[in-house]
Protein chains: 2
Amino acid sequence: MSSEIRLTPTSYIVLGLTEAAGEATPYELKQVVAAGLGDFWSIQHAQLYSEPERLAAGGYLAERREKGGRRRRHYKLTATGRQALRDWLKEPTADLAELRDPGLLRLFFGAEPKPLSEAQLPVHRKKLSDYEALLAELGADAPEAIRLPLEAGIGHEREWVRFWSKIAK
Amino acid sequence: MSSEIRLTPTSYIVLGLTEAAGEATPYELKQVVAAGLGDFWSIQHAQLYSEPERLAAGGYLAERREKGGRRRRHYKLTATGRQALRDWLKEPTADLAELRDPGLLRLFFGAEPKPLSEAQLPVHRKKLSDYEALLAELGADAPEAIRLPLEAGIGHEREWVRFWSKIAK
DNA sequence: CCTATCATGTAATCCGTTACATGATTAT
DNA sequence: ATAATCATGTAACGGATTACATGATAGG
């Protein structure tokens, strides 16, 4: 069976998180997203219900549904799903992220820089210090998969703080 | 009339570009996007046809259609549209951009850092040097609305180059 | 015991992307 | 002249967001 579906970043997020968990319900996925990934790639919780369903229809996930009670759905990777994830991980993408920053967009269209900087600075500072605290807590022995994205986040938040500070002053 | 529509970032981009142009066709908008804005906030060209239509339906744009020939549609802001843009520009947003970087996402799920860095570095370096060339060309007297976003772009591209270089080495 | 919040999910809407299509220019 | 590319637009699909809804659990 397994109809053709297109795999989006969201798909790979669900595949990746599910593999890490072994088996997971949408709600568990939501927890994991909130615990870290969501900082740099957020997902609406409704998608954590619809996307696994899509992936199951495509043959990438297998669904097991509880018989009684809440009848929760549990998902795990199929061989196809595991392979798709592997292939994606192996592909050294040259795609770049776009900035898509709401504040920058306003600047571009002529907003006053000063008030913008005053709104942006505290939230960037907060995010930066959250990241730094997390990194400190994890220590130097944290796995690369966690440490590197975190360091990237820190670098970019520092850059934002620099940028808006220059304007605020 | 004018049905209720929700204004998205895309809406404000169309409003902002249209105001700057005085009057514009979708194709002209496309040109302007390609000329700069698209670097940090890209738009599919089809949206530059559908979004003005939506905005016109909402009463934010007025449409004038050529009688003969190509029957092109020309759009300009209405008073409502101009006001909406003003309000948006005045609002000192505290919303932050997310990284949403395809390479980082792969790192997070355990991809090999080295090959990724080798794919990412050249494109980031290219983008960085494009930006720097553009800034040099514009000179120090460029309007803030252009210069600041460009400087932000440069800062972040430098950060990416730093990040991936550390990994590549 | 009541209420607030967490847990868990479904449904509808709609924006954004992709695919398709054709007339006009420019290059060879 | 013909091919290629630019200019200009429409249509369809689908993923993502928003809104709605209800059962369980914990706090006061």
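Reading guide: rules and limits
- Residues numbered from 1 in each chain as written.
- Chains lettered and ligands numbered in written order.
- Predicted model: local features only at pLDDT ≥ 70, side-chain atom pairs only at ≥ 80, totals over all residues.
- Heavy atoms only, no water.
- Helix = DSSP H or I, 4+ residues; strand = E, 2+ residues; numbered from the N terminus.
- Rg over C-alpha atoms; globule rule 2.2 N^0.38 Å.
- Contact = heavy atoms within 4.5 Å.
- Lys, Arg positive; Asp, Glu negative; His and termini not counted.
- Charge placed at Lys NZ, Arg CZ, Asp CG, Glu CD.
- Least-squares fit on C-alpha atoms with pLDDT ≥ 70 in both.
- Buried area = accessible area lost by both parts, 1.4 Å probe.
- Salt bridge = Lys/Arg side-chain N within 4 Å of Asp/Glu carboxyl O.
- Polar contact = N/O pair within 3.5 Å; in protein donor to acceptor, adjacent residues only side chain to side chain.
- 1 Å grid on protein atoms, 1.4 Å probe; cavity = no way out; pocket = protein on both sides within 12 Å on 5 of 7 lines; lining within 4 Å.
- Points joined across faces, edges and corners; volume = space filled by probe spheres on them.
- Nonpolar A, V, L, I, M, F, W, Y, C, P; charged D, E, K, R; others polar.
- Axes fitted to C-alpha atoms, helices over the stretch in contact; angles between N-to-C directions.
- Parallel < 35°, antiparallel > 145°, perpendicular 65-115°, else oblique.
- Left-handed = near helix turned anticlockwise from the far one by under 90°.
- Expected span 1.5 Å × (residues − 1).
- Bend = angle between axes of the 7 residues up to and from the residue.
- Phe/Tyr/Trp six-rings, centres within 6.5 Å; stacked < 30°, edge-to-face > 60°.
- Buried < 20%, exposed > 50% of the residue type's maximum accessible area, 1.4 Å probe, protein only.
- Domains from an automatic or database assignment.

Here's the deal with the overall build of chain A
And step 1. Secondary structure summary: chain A contains seven helices and two strands in total.
And step 2. Rg of the C-alpha trace for chain A: 20 Å, well past the compact-globule value of 15 Å for 169 residues, more than 25% over.
And step 3. For chain A, the spread of C-alpha atoms along the principal axes amounts to about 60 × 40 × 40 Å.
And step 4. Across chain A, contacts joining residues at least 24 apart in sequence account for 61% of those joining residues at least 6 apart.
And step 5. Of the side chains in chain A, 25 bear a positive and 24 a negative charge, and the two mean positions are spaced by 4 Å.

Overview of the relation of the copies chain A and chain B
And step 1. The transform that puts chain A on chain B rotates by 180° and translates by 0.0 Å along the axis, for an RMSD of 0.1 Å. What we have between these two chains is a two-fold relation. Rotation axis and chain A: the residue whose C-alpha lies nearest the axis is A:His156, separated from it by 3.3 Å.
And step 2. When the interface residues of chain A are mapped onto chain B, 100% of them again lie at the interface, so the same face is used by both copies.

As for the interface of chain A and chain B
And step 1. In this assembly, 57 residues from chain A lie in contact with 57 residues from chain B.
And step 2. Interface of chain A and chain B: buried area, both sides summed, is about 5,600 Å²; carbon and sulfur atoms make up 70% of it.
And step 3. Inspection of the region where chain A meets chain B yields four salt bridges.
And step 4. Scanning the region where chain A abuts chain B turns up 18 residue pairs in polar contact (both at pLDDT 80 or more).
And step 5. Secondary structure elements with two or more residues in the side of chain A that touches chain B: helix 1 (9–21), helix 4 (79–90), helix 5 (102–108), helix 6 (113–138) and helix 7 (144–168) of chain A.
And step 6. In terms of residues, the side of chain A that touches chain B owes the most to one element, helix 7 of chain A, which gives 16 residues.

Focus: the side chain of B:His124
And step 1. Following the sequence through the fold, B:His124 ends up in helix 6 (residues 113–138).
And step 2. With residues up to four places along the chain from it excluded, the contact list for B:His124 reads A:Leu96, B:Glu157, B:Trp160, B:Val161 and B:Trp164.

Here's the deal with the layout of surface pockets
And step 1. Estimates place the volume of the largest pocket at around 470 Å³.
And step 2. Taken together, 20 residues make up the lining of the largest pocket; nearest its centre are A:Arg100, A:Pro102, B:Pro9, B:Trp41 and B:Leu96.
And step 3. Considering every element that reaches the lining of the largest pocket, the biggest residue donor is helix 5 of chain A, with three residues.
And step 4. Across the lining of the largest pocket, the residue classes break down as eleven nonpolar, two polar and seven charged.

So, the packing of helix 6 of chain B against helix 7 (residues 144–168) of chain B
Residue and element names in this part refer to chain B.
And step 1. Where helix 6 contacts helix 7, the two axes come as close as 8 Å, and the packing angle between them is 155°. The orientation of helix 6 with respect to helix 7, classified from their angle, is roughly antiparallel. With respect to the hand of their crossing, helix 6 and helix 7 are arranged in left-handed fashion.

Focus: empty space enclosed by the protein
And step 1. This structure, assessed with the given rule, holds one cavity of 30 Å³ or more.
And step 2. As a volume, the largest cavity reaches approximately 270 Å³.
And step 3. Considering the residues around the largest cavity, the lining is formed by 26 residues, among which A:Glu98, A:Leu99, A:His156, B:Leu99 and B:His156 are closest to the centre.
And step 4. Going through the elements one at a time, helix 6 and helix 7 of chain A together with helix 6 and helix 7 of chain B are the ones with two or more residues in the lining of the largest cavity.
And step 5. Residues belonging to the lining of the largest cavity are distributed by class as follows: eleven nonpolar, six polar and nine charged.

Looking at helix 6 of chain B
Each α-helix winds once per 3.6 residues, and so residues spaced three or four apart point in a common direction.
And step 1. Taking 1.5 Å of rise per residue, the 26 residues of helix 6 of chain B would be expected to cover 38 Å, and the 36 Å separating its terminal C-alpha atoms lies within 8% of that figure.
And step 2. Its maximal kink placed at B:Gln120, helix 6 of chain B deviates by approximately 25°, while the proline B:Pro122 follows within four residues.
And step 3. On its buried face, helix 6 of chain B sits against helix 7 of chain A together with helix 5 (102–108) and helix 7 of chain B.
And step 4. Looking at the residues trailing helix 6 of chain B, positive phi occurs at B:Gly139, about 80°.

Comments concerning the packing of aromatic side chains
And step 1. Summed over all chains, the structure comprises 14 aromatic pairs over all chains.
And step 2. Ring geometry for A:Trp160 against A:Phe163: centres 6.0 Å apart, planes inclined by 80°, an arrangement best described as edge-to-face. Residue A:Trp160 and its partner A:Phe163 are located together in helix 7, separated by three residues, close to a single helical turn.
And step 3. The class for A:Phe163 is buried, based on a relative accessible area of 4%.
And step 4. Ring geometry for B:Trp160 and B:Trp164: centres 6.4 Å apart, planes at 20°, overall stacked. One end of the pair is B:Trp160 and the other is B:Trp164, both in helix 7 and four residues apart, which spans about a single turn.

Focus on the domain arrangement of chain A
And step 1. When the domains of chain A are assigned, the result is domain 1 (9–90) and domain 2 (102–168).
And step 2. The centre of domain 1 of chain A, based on its C-alpha atoms, is set 29 Å off from the matching centre of domain 2 of chain A.

A short note on the pattern of salt bridges
All names here are of chain A.
And step 1. Counted according to the given criterion, the structure contains 25 salt bridges over all chains.
And step 2. Of the charged contacts, one joins Arg82 and Glu19 as a salt bridge, the two residues approaching to 3.7 Å between their closest N and O atoms. In this pair, Arg82 is assigned in helix 4 and Glu19 in helix 1, connecting sequence segments 63 residues apart.
And step 3. According to the relative accessible area criterion, Glu19 is partly exposed, its value standing at 32%.
And step 4. Arg158 serves as the salt-bridge partner of Glu132, at 2.8 Å between the closest nitrogen and oxygen. Pair noted here: Glu132 is in helix 6 and Arg158 is in helix 7, with a separation of 26 residues, a long-range link.
And step 5. Look at Glu132 and you get partly exposed, because its relative accessible area is 31%.
And step 6. One network of salt bridges, in which partners are shared, links Glu19, Arg82 and Arg86.

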